[in-house]
Amino acid sequence: MWDRLKDQAKNLQQSQSARGSGGQGHAPYGQGQAPYGQGQAPYGQGQSGGHAPGSSSGGSGGSKAKLVGLLKSQLASVKTELKSGAYRDASMAMCALVAAADGHVEQAERQRVEELIVSNEVLQNFPADQLRQRFNKHLDQLIANFELGKAEALREIAKAAKKPVEARAVIQTGIVVAGADGHFDQTEQYAIRDACAALGLSPTEFGV
């Protein structure tokens with residue numbers, strides 16, 4: 001799955017480069033290319049049930065680290081377009097949703113994600129205290145009542161749908177946070193899929 005995500009990320013990087021050097025009408029993502037994943041079995045099919053979270057798969061840890069680095073680079077390439085309050089708020093809701101994806105959050109996990117957020121190059125467009133306040137608000141809501149907190153987070157995420165660059169950046173930010181510890185487990189994948197639905201994006205575009 002991470003190899004597919006890496007391929008998708010490269011394709012996205014190419015499409016962003018093309019947009020930046022001419023940008024002829026912002027062709028829909030993947031236009032002129034076979035749909036992502038076409039001809040490939042969906043994640044987990046034909047793979048002995050897929051890989052368990054954290055299991056090694058031929059040095060996949062290195063691939064995951066490279067992917068996270070690549071996604072960070074892609075986000076950095078559109079940093080100047082990611083300064084709106086909608087992106088800030090949606091990305092903090094996304095980070096909270098990923099952090100609480102398994103239904104509980106330990107204090108160490110909260111602090112780890114906070115550190116990832118405030119050290120992220122793109123998110124440094126915003127004051128750290130604004131990021132922490134919004135992230136913790138959503139996380140507290142998720143901990144108090146997961147379903148209600150999830151609904152609120154998805155409402156916040158959906159506000160970024162008006163701008164495709166911001167919408168995709170919210171998902172990329174979620175994947176970077178989810179994969180930062182070397183794992184991208186099933187509950188985190190579900191959170192990414194829910195966010196894709198809220199933004200009107202196909203989860204297969206991001207390999208989930």
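Residues numbered from 1 in each chain as written. Predicted model: local features only at pLDDT ≥ 70, side-chain atom pairs only at ≥ 80, totals over all residues. Heavy atoms only, no water.

**Here we look at the packing of aromatic side chains**
Both the distance between ring centres and the angle between the ring planes are used here to describe each pair of aromatic rings.
Thinking step 1. Inspection of the entire model under this criterion finds 1 aromatic pair.
Thinking step 2. With a centroid separation of 6.2 Å and 35 degrees between ring planes, the pair formed by Tyr87 and Phe126 is classed as tilted. A residue pair is termed long-range when its members are at least 10 positions apart, and Tyr87 in helix α3 (residues 85-99) and Phe126 in the loop between α4 (107-119) and α5 (128-144) qualify at 39 residues.
Thinking step 3. Using a relative accessible area of 9% as the deciding quantity, one classes Phe126 as buried. (Phe/Tyr/Trp six-rings, centres within 6.5 Å; stacked < 30°, edge-to-face > 60°. Helix = DSSP H or I, 4+ residues; strand = E, 2+ residues; numbered from the N terminus. Buried < 20%, exposed > 50% of the residue type's maximum accessible area, 1.4 Å probe, protein only.)

**Looking at the pattern of salt bridges**
Thinking step 1. Taken as a whole, this structure holds 9 salt bridges when the rule is applied.
Thinking step 2. The salt bridge partner of Arg168 is Glu205, with a shortest N-O separation of 2.4 Å. Highlighted residues: Arg168 in helix α7 (residues 164-179) and Glu205 in the segment after α8 (186-199), separated in sequence by 37 residues. Taken as a pair, Arg168 and Glu205 share a single burial class, namely buried.
Thinking step 3. Connected through salt bridges with shared partners, the residues Arg88, Asp89 and Arg134 form a single ionic network. (Salt bridge = Lys/Arg side-chain N within 4 Å of Asp/Glu carboxyl O.)

**Details of the environment of Ala128**
Thinking step 1. Along the polypeptide, Ala128 turns up in helix α5.
Thinking step 2. Put simply, Ala128 and Glu114 are 14 residues apart on the chain and 9.3 Å apart in space, counted from C-alpha to C-alpha.

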